[in-house]
Amino acid sequence: MAVFKRGALPDAPKITLSDALAAHAAANGLGEDVYRKAALARMWHHQEDGGRPQQAFDVFNRFSHAAERRMKKLSEIQIGTPWDENDPQAAADFHYGHDMLASVKFVDEEGVSYDMAECRPISGPDMHLGVVFQDDAGQVWFHGVEGRDNAEYPSGEVTLKRLSSDTPAGLKAALGGGDVTELMPFVGEIGIAASDVISQYTEAEMAFIRDDDPSSHSWKPQLAAAQTAAAAQLAREKNIGEIFDRFVDISKLQFLKEGLEYPISKDELSNHRRKTVYNTRSPINDMSEALMEAYRDAGYIKKCPNNGPRAIREMSKWNAWLSGKELDVYDKMTLGRAPGFDTLEKCFTAASVEIEMDKEKALSPNGKISYDDRVKFDLDEEEVDQEIALTVEKARAAFVSETLDPLMSRDTSTCQVTGKHLRVGGTLFAPVLTQFTKDYKEEVAPVVETPKAALHFELPMPTGELVMTDWLRMKGFKEGLLARVGGDDFYDINGAVGLDERMQDYFTKGGLAIVQVGNSSPFAYDDTAGVWRMGRVDEDYFYDDDGNRTGEVMPGEAWTTCTDLWANIFADRAVIVDILMASGEYESRESADAALLEYVDESYGASITKLDVDHLHVYAPTGHGLHTGSFKKKFRADELDYPKWRKDQYVLSVEPLTVDPDVVLETGWEAPAHEVSETPEPC
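Read on for an overview of the structure. (Residues numbered from 1 in each chain as written. Predicted model: local features only at pLDDT ≥ 70, side-chain atom pairs only at ≥ 80, totals over all residues. Heavy atoms only, no water.)

1. So, the pairing of strand β28 (residues 615-621)
Here β28 lies mainly inside the structure; 7 of its 7 residues are buried. In terms of strand pairing, strand β20 (residues 454-460) meets β28 through 7 bridges, oriented antiparallel. Of the residues in β28, the one forming a bridge with L455 is A620. (Buried < 20%, exposed > 50% of the residue type's maximum accessible area, 1.4 Å probe, protein only. Helix = DSSP H or I, 4+ residues; strand = E, 2+ residues; numbered from the N terminus. Pairing = 2+ DSSP bridges.)

Here it is, written out as structure tokens:
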């Protein structure tokens, strides 16, 4: 049986609420998990200030009086009561979306707790094995393999990294006050921490490479290979920079100043930019496209390797553009959110924020911005020129280094296979999709198989009368459906997984079929015996240029639907009555059935059709088949024809159809038993 799963809170670390917070959650009817998620979100997005962590799910560290680093694994987060428990009004004024982090403790694996303000995040150094050297310009390079399982070096897959020449205090102390650069060139095992700093090395695994030491000469080929790779990287960066300079400079961004009168208030400047840059297509978009096309022609850009059926819109358009496909204006809007295409605009935003925040800090009391009482200020032309110059500087550095801006959002649309919200990782020219693990580590998302485009299940029809609409807006229907399905009826139908979950739950728990069709209001065509094809036909095909009917026979319409809510729901009349009775709103099945008949009679787009069948086979798109359009392209049944003028949204059939098992998923879903023996009178 096909089962579609939902997500949950991470398994680790454990998050506990104080008794008062747990009681507050219960009193609000929200549940403790809502408060836990709110706390996690606040910690996750909290900017580093006063020692508070940006990332609360990694190991954290403290420094002893001897300045020796000790790393502790975070095993529990204790959320204390964030209000004065002696003040009865304080609890009433508290809202879980604010001030959740007023009292937080981090507990390590030994049960020792620390105040969150005393802690800071740290990622343990990533171990590498290879050659480390400093070039004539003072730049430090690593050339070797990543990971602790690096026994294959030097024959394994090697990588080149530019490292910081700084020596952390702890390592400097271990070296007797010396710098790590004094050891270079060497081959050995090192730990690379944040900011590409060498934070440790394994002395037993280190060998110095020296001209006057014959024992180290066996490593000279590896050093030469590292130096060659570094020279090639520098040449690549030089060429990337030269291409950038051909398309972007300060003079080409002067349009950003058009229509401005100085001095100009920050608010007026923000409104001007929304109108001329952010809320419309601007010369920045044209400039970015021309620049990226030049990099594509130079061979720098690579396809996203793990998108495929995930159908992340930005990456789908990226791969299509890279293949030379002609994109329409809507495709280009989507591509505009992809790496490189959005870099110039994001750098403009970052430059503007940086300069304007510096000015606001300078004008604010104690040099700190108060977000409750913002300082109003004007900018002169020189400051706007500084923003433009800084934009070019930041953008050039981003392209030359091929790095994605870590301060800007890298979130994508929903994955159409897993339902996860992925991120764009990799480099500016070679993006890959990434995801978070349960302990909130970011990793490359694996390549996934393409889900099937369609699914099949069998709908019982005890009365043989089919009720169909987009939703029954009548007393008791929603309440009865929730009573049968359970839960809060929240499904992320913007993604494939949410659509599949909803379809499965509604049918297997509620007995109700639901098919997402968009704002299409499909008709039921009965031109094939025992089959009702839900969709549309192109009526223009049946008329000539003068508006006269041709000899072709147009399929007949058995019934019509209205899909203001972008879906069709349908079930046997008796099952709809079952759902209404589950609400507790009706005294008898007869009264519920009478209410249903009255609703259908008065509602446009709702229908009850007597089909005289005891079951229907439903062939509908999976969430992936709908969102990617693969159902319309791939679903075919041997018993049906597929002229160009016909488009099926889904198909109902008395008998099973002959279909491709590689396209259609046999769900094995079963509807709840209909236990009522008497059935309503036919309408």
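From this point, things continue past the structure.
2. Some details on the packing of helix α6 (residues 266-278) against helix α10 (residues 343-363)
Relative orientation of the contacting elements α6 and α10 amounts to 180°, with a least axis distance of 13 Å. It follows from the interaxial angle that α6 and α10 lie roughly antiparallel. Facing K266, L269, R273, V277 and Y278 of α6, the residues of α10 in contact are E345, F348, T349, S352 and E356. When grouped by side-chain class, the residues that make up the contact of α6 with α10 number 4 nonpolar, 2 polar and 4 charged. (Axes fitted to C-alpha atoms, helices over the stretch in contact; angles between N-to-C directions. Parallel < 35°, antiparallel > 145°, perpendicular 65-115°, else oblique. Contact = heavy atoms within 4.5 Å. Nonpolar A, V, L, I, M, F, W, Y, C, P; charged D, E, K, R; others polar.)

3. Some details on the nonpolar core
Counting 52 residues, the largest nonpolar core has L466, F477, F570, I576 and L652 as the members making the most contacts within it. Leave out the neighbours within four places in its chain, and L466 touches L459, M461, W559, F570, A571, S607, I608, T609, L611, L616 and L652. With 49 residues, the next largest nonpolar core counts M315, A338, L344 and F429 among its residues. (Core = buried A, V, L, I, M, F, W, Y, C linked by side-chain atoms within 4.5 Å.)

4. Details of the packing of aromatic side chains
Applying the stated criterion across every chain yields a total of 22 aromatic pairs. Seen from their ring centres, W321 and F341 are 4.9 Å apart, and the 85° between their planes marks the pair as edge-to-face. In this pair, W321 is assigned in helix α8 (residues 313-322) and F341 in the loop between α9 (329-335) and α10, connecting sequence segments 20 residues apart. Across this residue pair, the class does not change: W321 and F341 are buried. Plain terms: the ring middles of F570 and Y650 are 5.6 Å apart, the flat faces sit at 5° to each other, and that makes the pair stacked. Remark: Y650 occurs in strand β29 (residues 646-653) and F570 occurs in strand β26 (residues 567-572); sequence separation between them is 80 residues. Members of the aromatic cluster, each reached through a chain of ring pairs, are F244, Y295, Y300, F399 and F429. Across from the ring centre of Y543, 5.4 Å away, lies the NZ or CZ of R549, which sits over that ring. (Phe/Tyr/Trp six-rings, centres within 6.5 Å; stacked < 30°, edge-to-face > 60°. Lys NZ or Arg CZ within 6 Å of the ring centre and 35° of its normal.)

5. Thoughts on the side chain of T622
Of note, T622 is situated in the loop between β28 and α16 (623-627). In terms of polar contacts, T622 uses its side chain to reach the backbone amide nitrogen of G625, at 2.9 Å. (Polar contact = N/O pair within 3.5 Å; in protein donor to acceptor, adjacent residues only side chain to side chain.)

6. With respect to the pattern of salt bridges
Counted by the stated rule, this structure contains 32 salt bridges. The salt bridge partner of R162 is E237, with a shortest N-O separation of 2.9 Å. Taken as a pair, R162 in strand β10 (residues 159-163) and E237 in helix α5 (residues 220-247) lie far apart in primary sequence, 75 residues in all. Accessibility expressed as a relative area gives 32% for R162, which makes it partly exposed. For E237, a relative accessible area of 11% gives the class buried. D211 is the salt-bridge partner of K220, the closest N and O atoms lying 2.6 Å from each other. When its relative accessible area of 31% is taken as the criterion, K220 is described as partly exposed. The exposure class of D211 is exposed, given its relative accessible area of 64%. Taken together, the salt bridges that share partners define one network made up of D527, R533, D641, R646 and D648. (Salt bridge = Lys/Arg side-chain N within 4 Å of Asp/Glu carboxyl O.)

7. A few points about the sheet that holds strand β17 (residues 421-426)
Pairing within the open sheet is antiparallel, and its 4 strands lie in the order β16-β17-β18-β19. Either end of the sheet is taken by a strand with one partner, and the two such strands are β16 (411-414) and β19 (442-444). The sheet shows a mean angle of 45° between the axes of neighbouring strands, taken without regard to direction. By the bridge criterion, 2 bridges tie β16 to β17 in an arrangement that is antiparallel. What sits directly across from D411, in β17, is R423. Of the strands in this sheet, β16 and β18 (431-436) touch α8, which is tilted by about 100° from β16.

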